[in-house]
Amino acid sequence: MPAGQGTSGEDGGLPVWQSHPPGSIYDYIGVASFSLGPDGRITQWSDRAAEQLGIPAEEALGKDPVDAFLPPELRKHGRGRVSEIMDGREWVGLVPFRTEAGGRHGLAEVYVMPTDTEDGRRGALCVVVDVRVLRGIETDLAVSEAVFGQSPMGFLLLGTDLRVMRVNERFATVFGGTTGSHRGRSAADYLPPAEAGRLEAAVRVVLETGNPVTDLFLVGFADGEEEQRRWNLSLYRLHNAAGRPIGVAGLGTDITRRRNAEREAASARRNLALLNAAGTRIGNSLDLETTARELLAVAVPQFCDIASVDLFQGLLSRDDDPFSVRAGREPVPGLADGSAEMRRVAFASAVSGAPMTLSDDGEYGGDATGSGASAPVRVGAVHRYPFDSPLADALRTGRPQVVPGWGSDDRPDLAAIVQSTLAVPMIAHDTVVGLARFSRTKGSEPFGERDTALAAELAARAAVCIDNARLYRREHERALILQRSLLPPGDPEAAGLDIACRYLPGSTATEVGGDWFDVIELPGHRTALVVGDVMGRGLRAAVAMGELRTAVRTLAMLDVEPAEVLSHLDEIARGLAAPAGTHAPQGGSRGSEPDDLSEVYLATCVYAVYDPVTRRCTFANAGHLPPVLVEPGEPALMMEVPTGMPLGVGGEPFEEVEVELPDGALLALYTDGLVESRDHPLDEGLSAFRAALADQSRALEDIADHVLGTLHTRHGEDDTALLMARVQGLPAESVGDWRLEREPQSVSRARELAREQVVAWGLEALVDTTELLVSELVTNALRYGEGEIRLRLLLDRTLVCEVWDGGLVQPRRRRARATDEGGRGLQLVGLLSSGWGSRRTPRGKTVWFELALPDGDAPGADPVEALLSLY
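Draft legend 1. Spatial organisation of the nonpolar core. Counting 49 residues, the largest nonpolar core has Leu295, Phe303, Cys304, Val309, Leu311, Met426 and Phe438 as its most contacted members. Looking at this core element by element, the count peaks at nine residues for helix α14 (residues 449–486). With sequence-adjacent residues up to four places away left out, phenylalanine 303 is seen in contact with Arg270, Leu274, Leu422, Phe438, Arg440, Phe447, Asp451, Leu454 and Ala455.

Listed below in C-alpha cells is the structure:
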C-alpha cells in the first residue's frame, strides 16, 4: 500500500494501517537501523543510519562494524560481543563510535536482535539511537514535568476540541479532584456561562491565529468557596516538531488578593482625596447652612448618591448652648432619646429623577407633634425621628448606623432606588449637633467599615465647623445687639436740624464692626453730631465702641469744645489698651506702645456742634473721612476739616474749623463702609456719594434711602453708618436776646422782658415760672458774676433761658439749712425746670434752665408750692 494511505477494517471500523505524519515521536528520538550478515559484516545500511551516524551507505556496506566504528582500544572487546550476537544472543548496550572519514565520534545505544537468513544461517538486526538525543529528551521531559507539576501557577492544556487534555496539581487544588479527573472537561465546568464563553472565544482566536493572549481576566468560584475569585490567564498555542497545532496552553494566576489590595488602595486614595477636599471646601463660611451644603458637595457623588443634613432645632433658634446638661436639666426636649426637633438644612442628590426630599418612617414635618400623616421633609422643615428608629439611635448613642435599604414602607419611590443608608451623628467637642445621612442606590457598592469611618470623619469635620459657626453666630448676634443698643433709638430730633440716619451691619460672614453715630442735644438748643469707627471687629470692637460713645456723651454734656472732646477721647482710647493697673502714657510717647498690638484700641471720629441761633457749626476730626456739605443750588463738596491722628495714637493736638451753614444746607457724616469696598476704591466711592446727594428736592429720608440704594453697600465686608442733617436754623422770632447792666434794677428789667417775650409766644402758662427762675439767675449773676449780663430766651421744642456773665466761677447747688435765709435759688431752679446747668464760654460762663412746653392737659409746676417745699 502506498505510503500515506490507510485501510479500515470492515468489522470494527478501526484503522488497520495508518501512516504517521511528519512530527511523530520517532522524529524526536532519531531511530536508525542496519543489519549484519552471517560473516558479521554490514549487509544493509538505512538512510536514517547514514544521516544520524554521518556514514554513507557505500562506506558502511561490507565492512566489519568493529573495525569501522570502534576505537582501537575497544575493538577486542567489541569482537567478543559481535561473536555472542552471531551465536543468537540479544544484546542492548552503549557503544562509542568514531568515523575515520569525518572524524565524528559519539555514543550510541544499540539494540541487537538475532535474525535468520534464507539459507538458515545467523544474522543480526541492529537498531541504533543517538544517546545524546535520548538524554536531551529525558532532560526536557524532567524539566517539563517539574515546571508542570511543581509550578505555583495553574496550568491546563486544551485540545483543538476545546476540552481539557491535562492540568497540573495547582489547577487541581483550586478546582478539586485529581489531575486525571479533569481530562475531557470544558470551560463551562469551571466558570459561569458568561466567563466560560469569553474563555472559549479567546482559545479559538489563539488556535486560529497563533497569537498569544495575555492578561485575560476571568471571574469565578473555587471549589467549595462562596467568595468570588479573579484570575489572570495567558494563552498560547502549542505545536509539534512539524509545526502542526496540537492545542492551547493556559497559565493562570490567582489575582484576587492583588485586586482586593488594589481596590483597597484605590479606596484609600479616594478617601484621602475626599478628606483633602473636605479640608479645603468645608468650613470656608461661618454660616451653618452653607457649611452643611459644603459637606454634601464633597460627599455627592464621590461618596454616595443621596445625602442630607439635619441639625437640632435648638442649635438654630436658641441663644444659649442647646446641648448643655448643666444643673441637671435638658435644654432641648427629646435630646436624650434622639427624638428632639430637627431641621433639614441641606439636601443633595446625584440620581437623575430622584425625589428632591427625604422622609423616614414616622418622620414628619409641620407642627412636629406627630399628628397627621407622614410627609416628605423638605429643606428648612422641622421634624422628629421616632424613638425606636435607627436614626434616633444614632443620635442617642453617637455611633453611625447602617440601615439596609431605605428603611421604610411609606416611600416606595426611594425604596426602589436606595440600597442602604448610613446615618452618621455629627459630633463636635463631644457634643452631637445633628445627623448626616448618606445613601447609595441599588447597584452601588454597599457601605463597608472604611466607608463608615470616612463618613464619621467627614461628619466630624463638618460638625466642628458648624459648631464654630454657631458660636460665631451667637457672638455676632450679641455684638450686633450690643452695638444697636448703643445707637440712638428711633429717629433722633434736634433743634434747627432735620435728622436722617442709617446703619447697616456687615454680613454674617464678617464680624460686627465698630461703626457708630450719635445725635446729642446740648444746652442752648445746640446739637452735637458724632460719627466714629473703631478699628477691628467682633465683640471687642463693639464694647470699645460703647465705651467711646459713652465717653463722647459725657464730654458733650460738659459742653467741652470739639477739639478738647477728641483730645479726651484719645486719652481714653489709649487707656483702654493699657494693661490693668497702669495708666496710659502722657504726651503720646511713641516708645510706650503696648507690646500686644492686638490690644491696641484705635478709632476714627468726626465731632461737630451746630448752633441753630448763629447757624454756625464747629468741626473736629480724628483721622475720619471728611464730612460732605451740600449748599442749596451747589454741588456736594468735601469739607476741608483738618484730619488729625486716629484716637488711641496720641501725641498730636486736634484742630477745629467753624463753618456757617445756610438754611437748607445738607450735612452728611459717614463711615468708610459706605464708600469703600474690595471692588470699589475710595475715590470712586466718594464720587458716587457726592453724586447721590445732588438732588436736594427730595425729603431727607428719601435721600438717605437713595444713597444706600445707589452706592455699593451690600458687599458685607464692613458695617456702614450714615448720619445726615438738613439745616433749618431757629427763626429770629423764636429768639429773645437782651443785654443788662450790672445794677439791681436789672433783675426787675429781666423779669419784665421775659414776661413780654413769653406772652408774645403764647405761653402764658409759663409766665410765672419763667419770671421766678429768670429772677434767680440774674440775681446770682449780679452777686457772684462779673461784667455785663446777657439774657437770652430760645423757643423750639422747649423753652430755654440763658443768663450770661463774665465770671468764671461755676454755680454749685447746695442744700440750705433750715435757719439759712438764702442758698435756695438753684434748688428752686432744679425743682421748677426740666433741666438746668452751666457751661464755660470764651468770655465767662452761661447758666441756663429749660422748661417743657405746656401740652394743654397736664398742669405745670406751681411756683408757690415749690418755694414752700424748700422750707
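Draft legend 2. Seen up close, the packing of helix α19 (residues 745–760) against helix α20 (residues 767–784). Where α19 meets α20, the axes come as close as 9 Å, and the angle between the chain directions of the two elements is 150°. As for how α19 packs across α20, the hand of that crossing is right-handed. Listed contacts from α20 to Ser746, Val747, Ala750, Arg751, Ala754, Arg755, Val758 and Val759 of α19 are Val767, Thr770, Glu771, Val774, Ser775, Val778, Thr779 and Leu782.

Draft legend 3. Spotlight on the confidence of the model for the protein chain. Averaged over the protein chain, the pLDDT score is 79; the fraction of residues at 70 or greater is 80%. Confidence over residues 319–331 falls short of pLDDT 50; this stretch has 29 contacts with residues more than four positions distant or in other chains. Predicted confidence for residues 587–598 stays below pLDDT 50, and this span has 12 contacts to residues more than four positions away or in other chains.

Draft legend 4. Focus on the sheet that holds strand β20 (residues 603–611). Ordered by their spatial adjacency, five strands build an open sheet running β18-β19-β20-β21-β24, and the pairing between neighbours is antiparallel. Strand pairing shows two members of the sheet lacking a second neighbour, β18 (514–522) and β24 (656–660), which therefore form its edges. Strand-to-strand, the axes of this sheet are offset by a mean angle of 15°, without reference to chain direction. With nine bridges joining them, β18 and strand β19 (residues 526–534) adopt antiparallel strand pairing. The partner of valine 519 across the bridge, within β19, is leucine 529.

Draft legend 5. Region of interest: the packing of aromatic side chains. Enumeration according to the criterion identifies eight aromatic pairs in this entry. Relative to tryptophan 45, the ring of phenylalanine 34 has its centre 5.3 Å away and its plane inclined at 35°; by these criteria the two rings are tilted. Of the two residues, phenylalanine 34 sits in strand β1 (residues 31–36) while tryptophan 45 sits in strand β2 (residues 42–45), which places them 11 residues apart along the sequence. Judged by relative accessible area, which is 9%, phenylalanine 34 ranks as buried. Residue classification places tryptophan 45 among the buried residues on the basis of a relative accessible area of 9%. With centroids separated by 5.5 Å and ring planes inclined at 85°, the aromatic side chains of phenylalanine 303 and phenylalanine 438 adopt a geometry described as edge-to-face. A residue pair is termed long-range when its members are at least 10 positions apart, and phenylalanine 303 in the loop between α10 (288–299) and β11 (306–312) and phenylalanine 438 in strand β16 (residues 431–441) qualify at 135 residues. Residues phenylalanine 303 and phenylalanine 438 agree in their burial class; the two are buried. Aromatic ring contacts, followed pair by pair, group Phe171, Phe175, Tyr190 and Trp231 into a single cluster. Above the plane of the ring of phenylalanine 303 lies arginine 440, whose end atom (NZ or CZ) is 5.1 Å from the centre.

Draft legend 6. Representation of α10 in the model. Helix length check: α10 (12 residues) gives 17 Å between terminal C-alpha atoms against 16 Å at 1.5 Å per residue, within 8%. Within α10, the full set of buried residues consists of Leu288, Thr291, Ala292, Glu294, Leu295, Leu296, Val298 and Ala299.

Draft legend 7. Representation of the pattern of salt bridges. Enumeration over the complete set of coordinates arrives at 31 salt bridges. The partner of arginine 755 in a salt bridge is glutamate 771, and the shortest N-O contact between them spans 2.5 Å. With a gap of 16 residues between them, arginine 755 in helix α19 and glutamate 771 in helix α20 connect regions that are remote in the sequence. What makes glutamate 771 buried here is its relative accessible area of 10%. Each member of the salt-bridge network shares a partner with another, and the members are Arg526, Asp559, Arg792, Glu802 and Arg839.

Draft legend 8. View of the packing of α20 against helix α21 (residues 825–832). It is the contact of α20 with α21, at a shortest axis distance of 10 Å, that shows an interaxial angle of 150°. Where α20 crosses over α21, the two elements pack in a sense that is left-handed. Contacts between α20 and α21 involve Thr769, Leu772, Leu773, Glu776, Leu777 and Asn780 from the former and Gly825, Leu826, Leu828, Val829 and Leu832 from the latter. Its residues placed into classes, the contact of α20 with α21 shows seven nonpolar, three polar and one charged.

Draft legend 9. Geometry of α19. Taking 1.5 Å per residue, 16 residues should reach 22 Å; α19 reaches 23 Å between its end C-alpha atoms and fits that length. Residues of α19 that are buried: Ser746, Val747, Ala750, Leu753, Ala754, Gln757 and Val758. Axial view of α19: buried residues confined to an arc of 130°, hence all on one face. Glycine 762 sits one or two positions beyond α19 and adopts a positive phi of about 75°.

Draft legend 10. Spatial organisation of the pairing of strand β7 (residues 164–167). Relative to β7, strand β6 (residues 154–158) is paired through three bridges, and the arrangement is antiparallel. Looking at β7, one finds that leucine 156 is bridged to valine 167. The antiparallel hairpin formed by β6 and β7 contains five residues in its connecting segment, where leucine 162 sits at a positive phi of about 65°.

Draft legend 11. Highlighting the sheet that holds strand β12 (residues 342–349). Spatially, the six strands line up as an open sheet ordered β13-β12-β11-β16-β15-β14, and their pairing is antiparallel. Looking at strand neighbours, the two that pair on one side only are β13 (382–383) and β14 (401–404), the edges of this open sheet. The strands that helix α12 (residues 390–397) touches are β11, β12, β14, β15 (418–428) and β16; relative to β16, the one it contacts most, it runs at about 140°.

Draft legend 12. Seen up close, the pairing of strand β10 (residues 245–254). As defined by bridge partners, β6 adjoins β10 across five bridges and the pair is classed as antiparallel. Paired with phenylalanine 155 across the two strands is leucine 251, which belongs to β10. Pairing geometry for strand β9 (residues 228–239) and β10, over nine bridges, is antiparallel. Bridge pairing links leucine 238 to glycine 247 in β10.

Draft legend 13. Layout of the environment of aspartate 570. Mapped onto the elements, aspartate 570 comes out in helix α16 (residues 562–577). Judged by its relative accessible area of 6%, aspartate 570 is buried. Linking aspartate 570 and glycine 650, residues 80 residues apart in sequence, is a C-alpha distance of 6.2 Å. In this structure, aspartate 570 is in contact with Pro646, Leu647, Gly648, Val649, Gly650, Gly651 and Phe654, ignoring residues within four places of it in sequence.

Draft legend 14. Highlighting the environment of glycine 88. Here glycine 88 is to be found in the loop between α5 (75–86) and β3 (91–98). Residue class for glycine 88 comes out partly exposed when judged on its relative accessible area of 31%. Aside from chain neighbours lying at most four places away, what touches glycine 88 is Pro114 and Arg122.

Draft legend 15. Structural detail: unusual backbone geometry. Looking along the chain, the bond that leaves valine 300 and enters proline 301 is cis, with omega of 0°. Among the structural elements, proline 301 can be located in the loop between α10 and β11. One non-glycine residue, histidine 525, adopts positive backbone phi at about 60°. Within the secondary structure, histidine 525 is located in the loop between β18 and β19. Look at arginine 615: it is not a glycine, yet its phi comes out positive at around 60°.

Conventions adopted
Sequence positions are assigned chain by chain, starting from 1 and proceeding in written order. Two thresholds apply to this predicted model, a pLDDT of at least 70 for residue-level local features and 80 or more for giving and counting side-chain atom pairs, whereas whole-chain, interface and lining totals are computed over all residues. In computing side-chain values, all of the structure's heavy atoms are included and hydrogens and water are not. Throughout this description, the term nonpolar core refers to a set of buried Ala, Val, Leu, Ile, Met, Phe, Trp, Tyr and Cys residues connected via side-chain atoms within 4.5 Å. Buried residues are those whose accessible area, probed at 1.4 Å on protein chains only, stays under 20% of the maximum for their type, while exposed residues exceed 50% and partly exposed ones sit between those limits. Strands are runs of DSSP state E lasting at least 2 residues, helices are runs of H or I lasting at least 4, and numbering of each runs from the N terminus. Contacts are assigned to residue pairs that have any heavy atoms within 4.5 Å of one another. Only the contacting stretch of a helix is used when fitting its axis, a line to C-alpha atoms as for every element, and angles between N-to-C directions run 0 to 180 degrees. Working rule for handedness: look at the near helix, and if it is turned counterclockwise from the far one by less than a right angle, call the crossing left-handed; if clockwise, right-handed. pLDDT expresses, on a scale from 0 to 100, how confident the predictor is about each individual residue. Two strands are counted as paired when DSSP detects at least two bridges linking them. Paired rings are identified among Phe, Tyr and Trp, the last through its six-membered ring, by centres lying within 6.5 Å, and are further divided according to the angle between planes into stacked (under 30 degrees), edge-to-face (over 60) and tilted (the rest). Counted as over-ring charges are cases with an Arg CZ or a Lys NZ within 6 Å of the ring centre that also lie within 35 degrees of the ring normal. By definition here, a helix of n residues has an expected span of 1.5 Å times n minus one. Should a side-chain nitrogen of Lys or Arg be within 4 Å of a carboxyl oxygen of Asp or Glu, the pair is scored as a salt bridge. Here the nonpolar group is Ala, Val, Leu, Ile, Met, Phe, Trp, Tyr, Cys and Pro; Asp, Glu, Lys and Arg are the charged ones; every other residue, Gly included, is treated as polar. Each C-beta atom gives one direction from the helix axis, and the arc is the one those directions make.

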